[in-house]
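Read off the chains here:
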Amino acid sequence: MKECIAMLLAGGQGSRLYALTQKLAKPAVPFGGKYRIIDFPLSNCVNSGIDTVGILTQYQPLVLNEYIGNGQPWDLDRLYGGVHVLPPYQKASGSDWYKGTANAIYQNSNFIERYDPEYVVILSGDHIYKMDYSKMLSYHKEQGADCTIAVLEVPWEEASRFGIMTADTNGVVTKFEEKPAKPQSNLASMGIYIFTWSKLKQYLEQDEADTKSENDFGKNIIPTMLADGQKLCAYPFEGYWKDVGTIDSLWEANMDLLNPNVPLDVWDENWKIYSRTAAQPPHHISNLAHVENSMITEGCEVDGTVEFSVIFANVKIGAGAVVRDSIIMPGAVIEEGAQVHYSIVAENVTIKKDAIVGARPECMTDLSQWGVTVLGEGITVGAGARVQPKSMLTEDVKEVR
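Reading the values: the criteria
- Residues numbered from 1 in each chain as written.
- Predicted model: local features only at pLDDT ≥ 70, side-chain atom pairs only at ≥ 80, totals over all residues.
- Heavy atoms only, no water.
- Helix = DSSP H or I, 4+ residues; strand = E, 2+ residues; numbered from the N terminus.
- Rg over C-alpha atoms; globule rule 2.2 N^0.38 Å.
- Buried < 20%, exposed > 50% of the residue type's maximum accessible area, 1.4 Å probe, protein only.
- Contact = heavy atoms within 4.5 Å.
- Areas by Shrake-Rupley, 256 points an atom, 1.4 Å probe, with all protein chains shown as cover.
- Lys, Arg positive; Asp, Glu negative; His and termini not counted.
- Charge placed at Lys NZ, Arg CZ, Asp CG, Glu CD.
- Axes fitted to C-alpha atoms, helices over the stretch in contact; angles between N-to-C directions.
- Left-handed = near helix turned anticlockwise from the far one by under 90°.
- Pairing = 2+ DSSP bridges.
- Salt bridge = Lys/Arg side-chain N within 4 Å of Asp/Glu carboxyl O.
- Arc of directions from axis to C-beta.
- Right-handed = clockwise from strand over helix to strand, strands pointing away.
- Expected span 1.5 Å × (residues − 1).

Draft legend 1. Spatial organisation of the overall build of the chain. Assigned secondary structure in the chain consists of eight helices and 31 strands. Taking 21 Å as the expected radius of gyration for a compact globule of 401 residues, we find that the chain reaches 22 Å, a close match to that expectation. Dimensions along the principal axes, computed over C-alpha positions, put the chain at roughly 70 × 50 × 45 Å. Per-residue burial for the chain yields a buried fraction of 55% across its 401 residues. Here the contacts in the chain between residues at least 6 apart in sequence split such that 58% fall between residues at least 24 apart. When the accessible surface of the chain is split by element, carbon and sulfur atoms take 47% of a total near 17800 Å². Side chains of the chain carry 34 positive and 51 negative charges; the gap between the two charge centres is 3 Å.

Draft legend 2. Region of interest: the packing of helix α6 (residues 197-209) against helix α7 (residues 217-227). At a minimum axis distance of 11 Å, the contact between α6 and α7 shows a crossing angle of 115 degrees. Here the hand of the crossing between α6 and α7 comes out right-handed. Between α6 and α7, the residues in contact are Lys199, Leu200, Tyr203, Leu204, Gln206 and Asp207 and Phe217, Asn220, Ile221, Thr224 and Met225, respectively.

Draft legend 3. A look at the sheet that holds strand β22 (residues 327-328). In space, the six strands of this open sheet follow the order β16-β19-β22-β25-β28-β31, with parallel pairing throughout. The strands lining the two open edges of the sheet, one partner per strand, are β16 (295-296) and β31 (392-393). In this sheet, β22 lies alongside strand β19 (residues 310-311) in parallel orientation, the contact comprising two bridges. Paired with Val310 across the two strands is Ile327, which belongs to β22.

Draft legend 4. Structural detail: the pattern of salt bridges. Under the criterion given, the structure shown has 17 salt bridges. Close ionic contact of Asp51 with Lys2 constitutes a salt bridge, the shortest N to O distance being 3.1 Å. Here Asp51 is found in the loop between α1 (39-47) and β4 (52-56), whereas its partner Lys2 is found in the segment before β1 (4-9), with 49 residues between them in sequence. A salt bridge links Glu335 to Lys352; the shortest N-O distance between them is 3.4 Å. Here Glu335 is found in the loop between β23 (333-334) and β24 (339-341), whereas its partner Lys352 is found in the loop between β26 (350-351) and β27 (356-357), with 17 residues between them in sequence. With relative accessibility at 32%, the residue Lys352 sits in the partly exposed group. One network of salt bridges, in which partners are shared, links Lys2, Asp51, Asp75 and Arg78.

Draft legend 5. Just helix α5 (residues 133-143), in detail. Within the span of α5, buried status applies to Tyr133, Met136, Leu137, Tyr139, His140 and Gln143. Seen along its axis, α5 keeps its buried residues to an arc of 160 degrees; they face one direction. Across α5 from its buried face, at more than 90 degrees, point the exposed residues Lys135 and Glu142. A positive backbone phi angle near 65 degrees is found at Gly144, which sits one or two residues after α5.

Draft legend 6. Summary view of the sheet that holds strand β29 (residues 380-381). Read from one edge to the other, the open sheet built from six strands follows the order β14-β17-β20-β23-β26-β29, with strand pairing classed as parallel. Each edge of the open sheet carries a strand with a single partner, namely β14 (284-285) and β29. In this structure, strand β20 (residues 316-317) lies alongside β23, joined through two bridges in parallel fashion. Bridge pairing in β23 links Lys316 to Val333.

Draft legend 7. Structural view of the pairing of β4. Here β4 lies mainly inside the structure; five of its five residues are buried. Neither face of β4 is left uncovered, since the one carrying Thr52, Gly54 and Leu56 and the one carrying Val53 and Ile55 both have all their residues buried. The sheet contact formed by β1 and β4 spans four bridges and is parallel. Opposite Leu8, over in β4, you have Ile55 as the bridge partner. Relative to strand β5 (residues 82-86), β4 runs parallel, the two sharing five bridges. Pairing of Leu56 across the sheet is with Leu86, part of β5. Taken together, β4, helix α2 (residues 62-68) and β5 form a β-α-β motif whose crossover is right-handed.

Draft legend 8. Representation of the pairing of β1 within the structure. Of all six residues in β1, six are buried, a share of seventy percent or more. Judged by which residues are buried, β1 turns out to be covered on both faces: Cys4, Ala6 and Leu8 on one side and Ile5, Met7 and Leu9 on the other are all buried. With six bridges joining them, β1 and strand β6 (residues 119-124) adopt parallel strand pairing. Within β6, the position partnered with Met7 by the bridge is Ile122.

Draft legend 9. How the structure looks around α6. The first and last C-alpha atoms of α6 sit 18 Å apart over 13 residues, in line with the 18 Å expected at 1.5 Å per residue. Here the buried face of α6 lies against α3 (101-107), α4 (109-115), β6, β11 (187-196) and α7.

Take a look at the structure:
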């Protein structure tokens, strides 16, 4: 028996990341030079003392499955417990894709029952943050709650973008609204829940029997429990947290690593972020290079200029090339004289000689046309080509002669 296990929802398509998620699930998107997004919730589990994690996959799971492997990098290669990848599977009554977050957990009730837990933590696989779930669990027990929801105070002008909780002075939730037009609170749900398993199981079964339900925690399970008078509590979180489900938020979160005023410390020895990284030779920065306030990962060869950027493993940046305010993912090649500005360049992209990708906002006459440029995995931008800002490309760009 396990007191608490975690179920990590990692099956989303990540459609708002489009070019970056054509061939892999959103939680497998590279982040911060040497990580993938899923490293953060997985590391949080291990650092919080949770040694049993089910990862629910669905969309483009191959890279994610390979990356998780047996869970050894996160100390989750256990004989009893550990990490388990849980795709939809054939059952005696047929098989179904996961229809929603609640349905995904319902379909894996048998996995949860194997460990007979008293509590279940439900997590999302697309958030960047550090959090001690054991403190949240202690709060859940102290409150005698049926469900505890992690909440973060957001600016009032942004509150209508979130599921918003209203709580009394004891932290008991009195009202929940999904993306309200006129929010009465700025306590936003972080999509992190702790349930008493016996109670959650009851509501999952009830929800599954409702043919009109969308089978979603935020839209169905939470509102139904609240309407039934179950005790829901808000757990206040203070610290860095970002949903990286959009191009802009993914770019911002990577740039936050370079900002000493942002409390996202991936170097903290007391709360490590673990990852599966292949052994690579040290990076090499030649005497031709200029590097300023950037992260350069192992295996890179830099002969050009890199400023305010995050450079992943095995990236090559040629002489005279310029990379500014950008994220360059593993294996990308930026040839001599090429320029990359305010862009996210996916894995194994090649930007040929003298090509220009993206632009700096101060160089734009119409700022409505400016935004982060995205190049999808494995494409080639031909020599001398120009890729406009705010573009999102999944196919090669021809050379300009």
